[in-house]
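One-letter residues, chain by chain:
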Amino acid sequence: QMVREGSHIYEYGDHGAIIMLADDRRASTEVLFSADEAMTWNELHISDEPTEIENIVIEPLSTSQVFVMYGTRGEQGVLFQVDFSQLHEPQCQ
């Protein structure tokens with residue numbers, strides 16, 4: 001199933017249960033996320049000004065529920081932290 005057409009950057013977290021997706025070709029004010037293994041997708045407003053997301057990172061085992069996105073807004077570097085730990089059941093240990 002195709003989520004979005006075009007080129008995107010993505011990252012998995014919480015053992016694949018959470019997925020974040022951002023357009024990597026043009027600036028945007030939203031990113032997409034799924035908290036149910038890509039069954040449904042939601043938009044997350046990250047900024048009032050369009051931001052070019054360069055990468056989305058998480059700890060190496062992809063078990064965390066905290067994602068970090070970085071990119072640029074004009075000449076300025078920007079960093080976002082998105083914490084999904086309150087979204088659903090406690091994380092498996």
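Everything numeric in this text was worked out from a predicted model, so none of it was measured. (Residues numbered from 1 in each chain as written. Predicted model: local features only at pLDDT ≥ 70, side-chain atom pairs only at ≥ 80, totals over all residues. Heavy atoms only, no water.)

Focus: the sheet that holds strand β4 (residues 42–45)
Step number 1: Sheet architecture is open: four strands sit in the order β1-β2-β3-β4, paired in antiparallel fashion. At either end of the open sheet lies a strand with only one pairing partner, and these are β1 (8–13) and β4. Looking at each pair of strands side by side, their axes are set apart by 25° on average, direction ignored.
Step number 2: Both strand β2 (residues 18–23) and strand β3 (residues 30–34) contribute to a ladder of three bridges, which runs antiparallel. Each residue of the ladder has a partner; that of Leu 21, found in β3, is Leu 32. (Pairing = 2+ DSSP bridges. Helix = DSSP H or I, 4+ residues; strand = E, 2+ residues; numbered from the N terminus. Axes fitted to C-alpha atoms, helices over the stretch in contact; angles between N-to-C directions.)

Concerning the nonpolar core
Step number 1: Counting 16 residues, the largest nonpolar core has Met 20, Val 31, Ile 53, Ile 56, Phe 67, Met 69 and Phe 84 as its most contacted members.
Step number 2: For this core, the elements supplying multiple residues, two or more each, are β2, β3, β5 (52–57), β6 (66–73) and β7 (76–83).
Step number 3: Among residues more than four places away in sequence, those in contact with Ile 56 are Ile 9, Tyr 10, Glu 11, Met 20, Leu 21, Ala 22, Phe 67, Val 68 and Met 69. (Core = buried A, V, L, I, M, F, W, Y, C linked by side-chain atoms within 4.5 Å. Buried < 20%, exposed > 50% of the residue type's maximum accessible area, 1.4 Å probe, protein only. Contact = heavy atoms within 4.5 Å.)

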